[in-house]
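Below are the chains, spelled out letter by letter.
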Amino acid sequence: MLGDDAELTAAVLAAQAGDETAFRTVYRTVHPRLLGYVRTLVGEPDAEDVASETWLQIARDLDRFDGDADRFRGWAARIARNRALDHIRMRGRRPAIGGDETELTGKPAESDTAGEAIEALATGRTLSLIARLPQDQAEAVVLRVVVGLDAKSAAETLGKRAGAVRTAAHRGLKRLAELLGEDPESTGALDAMPAQREPHGRRVTSASVTHTRPRTQRDM
């Protein structure tokens, strides 16, 4: 297990035992990347609210979670996606029809990563370019490269086959590289993005892709 993953796993276990400091560590480690994913789904104006709802559910259901850092990231991403879909339905937006993404709008909204999400992406411009990808490709890229899920965990989050997620991520990264090539301001941003996770610690770079009291955000 990688060092960062071991630390996150230990923090999750401690948080489950009621350690509030450990929970804050989990939040600070996972939140920036999770927020980037939420922004891809609902856009900048609503991302913070949806992320807050996500963390409230994570805090409420943490006792039921069982697994290591990888499984926690996947579990948190699934909660975030469900909260985002609920938010889209509640605000009355008509979902696009087609492909496997019938629940979501056709394309992610424009977004920016200044501030706390700077850790997850090279530049805000990169996330803005991801927002120009088809929805399935955008989600696959963000889940695999930004959130750091392996193909299996990303597939579980999206309700798809792992092979379909790999294909979508490959196509999305290929198109993203083209968009970055057309934008001199973003030169080198793709290479600076985190490597994709594969099971058992194997990594693939983006260029080579084929019962405690309820916690509040104030506690975090």
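Parameters and conventions
- Position numbers for residues start from 1 in each chain and track the written sequence from start to end.
- Predicted model: local features are reported for residues with pLDDT of at least 70 only, side-chain atom pairs are reported and counted for 80 or more only, and whole-chain, interface and lining totals are derived from all residues.
- Think of the side-chain values as coming from all heavy atoms in the structure, minus any hydrogens and water.
- Helix and strand definitions follow DSSP, with helices as H or I runs of at least four residues and strands as E runs of at least two, each counted in order from the N terminus.
- For our purposes a nonpolar core is just a set of buried Ala, Val, Leu, Ile, Met, Phe, Trp, Tyr and Cys residues, chained together by side-chain atoms within 4.5 Å.
- For each residue, the accessible area found with a 1.4 Å probe, counting protein chains only, is set against the maximum for its type, and the residue is called buried under 20%, exposed over 50%, and partly exposed in between.
- For this analysis, residues touch if any pair of their heavy atoms sits within 4.5 Å.
- Side-chain rings of Phe, Tyr and Trp (the six-membered ring for Trp) are treated as a pair once their centres are within 6.5 Å; stacked means planes under 30 degrees apart, edge-to-face means over 60, and tilted covers the remaining angles.
- For helices, the fitted line uses only the C-alpha atoms of the stretch in contact; every axis is such a line through C-alpha atoms, and the angle between N-to-C directions lies from 0 to 180 degrees.
- Note on terminology: angles under 35 degrees are roughly parallel, angles over 145 are roughly antiparallel, angles of 65 to 115 are roughly perpendicular, and the others are oblique.
- Handedness of a helix crossing follows the sense of rotation of the near helix relative to the far helix, less than a right angle counterclockwise being left-handed and clockwise being right-handed.
- Each residue receives one of three labels: charged for Asp, Glu, Lys and Arg, nonpolar for Ala, Val, Leu, Ile, Met, Phe, Trp, Tyr, Cys and Pro, and polar for the others, Gly being one of them.

### As for the environment of Asn82
Note on placement: Asn82 falls in helix 4 (residues 69-90). When the C-alpha atoms of Asn82 and Val50 are compared, they prove to be 9.8 Å apart, with 32 residues separating the residues in sequence.

### Considering the nonpolar core
Counting residues in each nonpolar core, the largest one holds 55 residues, and the members touching the most others are Tyr37 and Phe72. Only helix 1 (3-16), helix 2 (20-42), helix 3 (44-61), helix 4, helix 5 (124-130), helix 6 (135-147), helix 7 (151-158) and helix 8 (162-182) provide two or more residues apiece to this core. Considering each element in turn, this core owes the most residues, 11 residues, to helix 2. What Phe72 contacts, discounting residues up to four positions off in sequence, is Val12, Val26, Val30, Ile58, Leu62 and Phe65.

### Some remarks on the packing of aromatic side chains
Taken as a whole and assessed by the stated rule, the structure comprises 5 aromatic pairs. On the basis of an interplanar angle of 65° and a centroid distance of 4.9 Å, the ring pair of Tyr27 and Trp55 is categorised as edge-to-face. You can see Tyr27 sitting in helix 2 and its partner Trp55 sitting in helix 3, a full 28 residues away along the chain. According to the relative accessible area criterion, Tyr27 is buried, its value standing at 12%.

### Details of the packing of helix 6 against helix 7
At a minimum axis distance of 10 Å, the contact between helix 6 and helix 7 shows a crossing angle of 135°. What the angle tells us is that helix 6 and helix 7 run oblique. In the crossing of helix 6 with helix 7, the sense of the turn from one axis to the other is right-handed. Of helix 7, the residues touching helix 6 (which contributes Glu139, Leu143 and Arg144) are Ala151, Ala154, Thr157 and Leu158. In terms of residue class, the contact of helix 6 with helix 7 is built from 4 nonpolar, 1 polar and 2 charged.

### Overview of the environment of Thr25
Along the chain, Thr25 turns up in helix 2. The spatial distance from the C-alpha of Thr25 to the C-alpha of Ala15 is 8.9 Å, given a sequence separation of 10 residues.

### Considerations on the packing of helix 2 against helix 3
Close contact between helix 2 and helix 3 brings their axes to 9 Å; oriented N to C, the two are set at 135°. Judged by the angle between their axes, helix 2 and helix 3 are oblique. In the crossing of helix 2 with helix 3, the sense of the turn from one axis to the other is right-handed. Together, Phe23, Val26, Tyr27, Val30, His31, Leu34, Leu35, Val38, Arg39 and Val42 of helix 2 and Glu44, Asp46, Ala47, Glu48, Val50, Ala51, Thr54, Trp55, Ile58 and Ala59 of helix 3 make up the contact between the two elements. Its residues placed into classes, the contact of helix 2 with helix 3 shows 14 nonpolar, 2 polar and 4 charged.

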